[in-house]
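Observations on chain architecture
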Amino acid sequence: VHVDRFSVGFGRALYKRIGNNGTEYRLAMIPFGGYVKMRDSREQELTPAMAVSAFDHKPVGKRFAIVAAGPLANLAMMIGWALVGKLAISLPASEPAVYLALVAEAGIFVNALLMVFNLFPLLPLDGGRILTGLLPNRLAYAFSRTEPYGMFILIALILTGILGKFMWPLVELSMKSIYAIIGLS
């Protein structure tokens, strides 16, 4: 799948350049995460040669795998940090062991938060991309047109506390599940 844009941050570009492969690399005003915009014929007209590398021309399984990679990486890091935490509590009591356990707990928390946040079904988040990939083309196209407003909607959901009401129980569930699987409960 061709990447049209790779952005560090959201909003207006402070710096951008076009790479040899046609991808726009940018540094944006709001330094809160970033995103990858993949080529998609539901969002722009493509020549037949360009359509071959378009996201929406890939089978559903491939589309799902592409957009699920980020949250799955967060899950893998949660497991890795849980294993570090298990190692830390098995060490003799000392400042370095306590420090390692605290760092592991923070790693689990941050990755649980990122995983749940990115799975929220709003563009440009991974959850929005997953939803776009699973919707029929007509609905996916309509939904994809909300992307320019996604960050504003997201900020409004954060400021009103609505996002937290959905996220925190899922973050807590994710963390408790990892603790139980690894044997840290």
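Check the entry above for the structure.
Residues numbered from 1 in each chain as written. Predicted model: local features only at pLDDT ≥ 70, side-chain atom pairs only at ≥ 80, totals over all residues. Heavy atoms only, no water.

**Things to note about the side chain of Ser-53**
Note the cut-off: The helix and strand labels rest on DSSP assignments: H or I over at least four residues marks a helix, E over at least two residues marks a strand, and numbering proceeds from the N terminus. We call two N or O atoms a polar contact when they sit within 3.5 Å, provided that within protein one can donate a hydrogen and the other can accept it, with sequence-adjacent residues counted only if both atoms are side-chain atoms. Residues are treated as being in contact if the distance between any of their heavy atoms lies within 4.5 Å.
Locating Ser-53 in the fold gives a position in the loop between helix H1 (48-51) and helix H2 (60-90). A polar contact is formed between the side chain of Ser-53 and the side chain of Arg-39, at a distance of 2.9 Å. At 3.1 Å, the side chain of Ser-53 and the backbone oxygen of Met-50 are in polar contact. Those residues in contact with Ser-53 that sit more than four places away from it in its chain are Val-1, His-2, Arg-39 and Lys-58.

**As for the packing of H2 against helix H7 (residues 162-182)**
Counted only if it meets this: The axes are straight lines fitted to the C-alpha atoms, using for helices just the contacting stretch, and the angles between their N-to-C directions are given from 0 to 180°. Under this scheme an angle from 65 to 115 degrees is roughly perpendicular, one under 35 degrees roughly parallel, and one over 145 degrees roughly antiparallel; angles in between are oblique. Each helix crossing is assigned a hand: it is left-handed if the near helix lies turned anticlockwise from the far helix by less than a right angle, otherwise right-handed if that turn is clockwise. Side-chain classes are defined by residue name, with Ala, Val, Leu, Ile, Met, Phe, Trp, Tyr, Cys and Pro counting as nonpolar, Asp, Glu, Lys and Arg as charged, and the others, Gly among them, as polar.
Relative to each other, H2 and H7 sit at 50 degrees, their axes nearing to 10 Å. In terms of orientation, H2 and H7 fall into the oblique class. Here H2 and H7 pass one another in a crossing that is right-handed. Seen from H2, the contacting residues are Leu-75, Met-78, Ile-79, Ala-82, Leu-83 and Lys-86; seen from H7, they are Ser-174, Met-175, Ile-178 and Ile-182. When its residues are assigned to classes, the contact of H2 with H7 shows 8 nonpolar, 1 polar and 1 charged.

**Side note on H2**
Heads up, the rule is: A helix's residues, less one, multiplied by 1.5 Å, set its expected span. Fitting axes to the seven residues that end at a residue and to the seven that start at it, the angle between those axes gives the bend at that residue. Each residue is assigned to one of three classes by its accessible area relative to the maximum for its type, calculated with a 1.4 Å probe on protein chains only: buried under 20%, partly exposed between the two thresholds, exposed over 50%.
A rise of 1.5 Å per residue sets the reference length of H2, with its 31 residues, at 45 Å; its end C-alpha atoms lie 44 Å apart and thus fit the reference within 8%. At Ala-69, H2 is deflected by roughly 50 degrees, the largest bend along its length, and proline Pro-71 occurs up to four residues later in sequence. Of the positions making up H2, those classed as buried are Arg-63, Val-67, Ala-68, Pro-71, Asn-74, Met-78, Ala-82, Gly-85 and Ala-88.

**Some details on a nonpolar patch on the surface**
What counts, and what does not: Residues with no salt bridge and a relative accessible area higher than 30% make up the patches, which join like charges within 9 Å and nonpolar side chains (Val, Leu, Ile, Met, Phe, Trp, Tyr) within 5 Å. Using the Shrake-Rupley algorithm and a 1.4 Å probe, accessible areas are obtained, with residue cover drawn only from the displayed protein chains. In the sections that follow, a salt bridge refers to a side-chain nitrogen of Lys or Arg positioned within 4 Å of a carboxyl oxygen of Asp or Glu.
A contiguous nonpolar surface patch, about 730 Å² in accessible area, is contributed by Phe-6, Val-8, Leu-14, Tyr-15, Leu-27, Met-29, Ile-30 and Val-36. Broken down by secondary-structure element, the contributors of at least two residues to the nonpolar patch are strand E1 (3-18) and strand E2 (24-38). Among the residues examined, Phe-6 registers a relative accessible area of 38% and is labelled partly exposed.

**Quick notes on the nonpolar core**
What counts is decided by this rule: Nonpolar cores are built from buried Ala, Val, Leu, Ile, Met, Phe, Trp, Tyr and Cys residues. Side-chain atoms within 4.5 Å join them into one set.
Formed by 22 residues in total, the largest nonpolar core has its most connected members in Leu-154 and Leu-163. Contributions of two or more residues to this core are made by H2, helix H3 (95-118), helix H6 (150-160) and H7. Looking at this core element by element, the count peaks at 7 residues for H7. Apart from residues no more than four positions distant in its own chain, Leu-163 is found in contact with Phe-117, Phe-120, Leu-154, Leu-157 and Ile-158.

**Considerations on unusual backbone geometry**
Looking along the chain, the bond that leaves Leu-123 and enters Pro-124 is cis, with omega of 15 degrees. With respect to the helices and strands, Pro-124 occurs in the loop between H3 and helix H4 (126-134).

**A look at the pattern of salt bridges**
Across all of its chains, the model carries 5 salt bridges by this definition. Residue Arg-26 pairs with Glu-24 through a salt bridge whose shortest N-O separation is 3.1 Å. Grouping residues by exposure puts Arg-26 and Glu-24 together as buried. One salt bridge connects Glu-147 with Arg-129, and the closest N-O pair in it is separated by 2.6 Å. Placement of Glu-147 in the loop between helix H5 (137-144) and H6 and of Arg-129 in helix H4 is noted, with a sequence separation of 18 residues between them. Pair check on accessibility: Glu-147 and Arg-129 agree, each one buried. Through salt bridges with shared partners, a single ionic network connects Arg-5, Glu-24 and Arg-26.

**Regarding the packing of aromatic side chains**
Threshold: The aromatic pairing rule takes the rings of Phe, Tyr and Trp, using the six-membered ring of Trp, and pairs them if the centres are within 6.5 Å, calling planes under 30 degrees apart stacked, those over 60 edge-to-face and the rest tilted.
Enumeration over the complete set of coordinates arrives at 3 aromatic pairs. Pairing Phe-6 with Tyr-25 gives two aromatic rings, centres 6.3 Å apart and planes at 55 degrees, and the pair type is tilted. Of this pair, Phe-6 sits in strand E1 while Tyr-25 sits in strand E2, and the two are 19 residues apart along the sequence. Overall, the relative accessible area of 30% leaves Tyr-25 in the partly exposed class.

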